[in-house]
Structure formats: C-alpha cells, structure tokens
Amino acid sequence: MALCKRTVGPRPRIYLSAGIHGDEPAPPQVLLEMLKTGAFDTRANWFICPVINPEGLHFGTREDTLCRDLNRDYLDRLSPEVQAHTAWLQKQPPFQLTLCLHEDWEASGFYLYELNRKNQPSFAPAIISAVRPMMPIEASSLIDGRPVDEPGIIRPVSDPLLRTNWPEAIYLCQEHTTLSYTLETPSSFPLSERIEAMISAVKAAVNAVNLG
Ligand SMILES: [Zn+2]
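Before going into details, it helps to say that this report is about the structure given with it. Please read all numbers here as calculations on a predicted model, not as lab measurements.

### Here we look at the coordination of the zinc ion
- For the zinc ion, the protein coordination sphere consists of His21 (ND1), Glu24 (OE), Glu24 (OE) and His102 (ND1), at 2.1 to 2.4 Å.
- In this structure, the zinc ion is coordinated by four donor atoms arranged in irregular fashion, with angles at the metal of 56 to 150°.
- Ordering the donors of the zinc ion by residue number gives the pattern H-x2-E-x77-H. Separated by 81 residues along the polypeptide, His21 in the loop between strand E1 (13-17) and helix H1 (26-36) and His102 in strand E3 (residues 97-104) bring together distant segments of the chain. The pair formed by His21 and His102 is uniform in burial state, with each residue classed as buried.

Here it is as structure tokens:
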C-alpha cells in the first residue's frame, strides 16, 4: 500500500526580522536557535533578516554607530542599513505574515503589537496563550504610551501617514504585508527564558498561518 503524502497548498510566505535594536540580544539568538533545530521547515517559504543592525548588536547599543534608531528610519530611509534592507524587501513577493522580534527594558511581561490591515482573524490570542505558561504577560493597561486592546495586545489605530517616522512594522504593512506582529520580551528576565518564550510565540504565529 502506498503511503499518502499530505496534500499541501501554496506555502505561506513568512518574514521574520531581529536585531534592529542592538541592545536586544534575545531575538537574533531566537532565529539562530530555530534555524539549528529545523523549525524553518517545509510548511512555509521563509524570509529571514536576523541582524538588521550589526554594529548595534556588536556594541550592545539600541542605535547604530551614528546614533540612529533604525526602527524610526523606514519613512525617510536615510541610513545605509535601512536602505539596503528596503532595497532587498522590494525584490521579494508579498508576505502572508511578518514578525518583528524585539525586547523591552521597561516591560514586566511579554506583549505584542498587531497591525492587521484587512481585519483578518487575529493570531494575537494564540501567541499570548503560547507564551503565558512560560512568562508573565504584561499586565499594564498602557504599554509604551499606548492603551492595550486586550492584556498584552496593542492594536495601534493611528494613521501611519500622519507619523513623521516609521518603524519597520509600519513600512512592512504599507508595502509588503497585511498582517504584522511585533513581539516584545521583557529584558529583565533571564536571557534563556526570553529566548524560549519568544520561540513559543513565533511557533504559535506560524501554526496559526498554517491553520488559517
Ligand atoms: Zn526594539
């Protein structure tokens, strides 16, 4: 009897980025660990930018060596790092999902931003549920100056065209995807715990794409 292979449709295109802030060491290690353990498998076509700010990561600084916050440069695109990144992005097909991995020195728990241009079913509850057994979810009702929509979930409503500087996620949503998550682990937790929690968050989002 012949073995049946699982019938698969077109693979979703999933984009992941890390290391745009050099003082956030867990995210690049998350991607390295997932690469080593085979997590980037045949369920998707993967587009991975593991270290957008290599100088910052080397020196442990948020900004690059010219004190530019690269995650505010996606409207003007003045830095060579963001110019190179966006030039590469413009050669890629659209993504079903983008995940930008970050850490937050002021947070006391995990949280995320969701940009969901077409009001698709949200993956945010599944991501939060995956992280909750591993680390606290940020309990504050106001995170980084923005009100939460649900515990640990920020859904910004501001019009990106009114913003004078764009983070990577807004650029991605304007040009390359309809669904973007920015994931944030709290920097005060042990590095190994942040890495494990972030891996769970990424895997939950990837599973959600494949179930969708
Ligand atoms: Zn960051």
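### A short note on the sheet that holds strand E8 (residues 179-186)
- On the basis of which strands lie adjacent, the open sheet formed by six strands has the order E2-E1-E3-E8-E4-E7 and mixed pairing. Sheet topology places strand E2 (45-49) and strand E7 (153-154) at the edges, where each strand pairs with a single neighbour.
- The pairing of strand E4 (residues 111-116) with E7 spans two bridges and is classified as parallel. Its bridge partner lying in E7, Tyr113 is registered against Ile154.
- Taken strand by strand, H1 contacts E1, E2 and E3, and its axis lies near 135° from that of E3.
- The sheet contacts of helix H6 (residues 191-211) involve E1, E2, E3 and E8, and relative to E3 the element is tilted by about 165°.

### Here's the deal with the layout of surface pockets
- For the largest pocket, the calculated volume is near 810 Å³.
- Along the wall of the largest pocket there are 35 residues; nearest its centre are Tyr113, Arg146, Pro156, Pro167 and Thr182.
- For the lining of the largest pocket, the secondary-structure elements that each account for two or more residues are E3, E4, helix H5 (168-175) and E8.
- Along the lines of polarity and charge, the residues of the lining of the largest pocket split into 12 nonpolar, eight polar and 15 charged.

Criteria and thresholds
Residues numbered from 1 in each chain as written. Predicted model: local features only at pLDDT ≥ 70, side-chain atom pairs only at ≥ 80, totals over all residues. Heavy atoms only, no water. Donors = N, O, S within 2.8 Å, 3.2 Å for Na, K, Ca; no water. Tetrahedral: all angles 85-135°; square planar, octahedral: opposite > 155°, others 65-115°. Helix = DSSP H or I, 4+ residues; strand = E, 2+ residues; numbered from the N terminus. Buried < 20%, exposed > 50% of the residue type's maximum accessible area, 1.4 Å probe, protein only. Pairing = 2+ DSSP bridges. Contact = heavy atoms within 4.5 Å. Axes fitted to C-alpha atoms, helices over the stretch in contact; angles between N-to-C directions. 1 Å grid on protein atoms, 1.4 Å probe; cavity = no way out; pocket = protein on both sides within 12 Å on 5 of 7 lines; lining within 4 Å. Points joined across faces, edges and corners; volume = space filled by probe spheres on them. Nonpolar A, V, L, I, M, F, W, Y, C, P; charged D, E, K, R; others polar.

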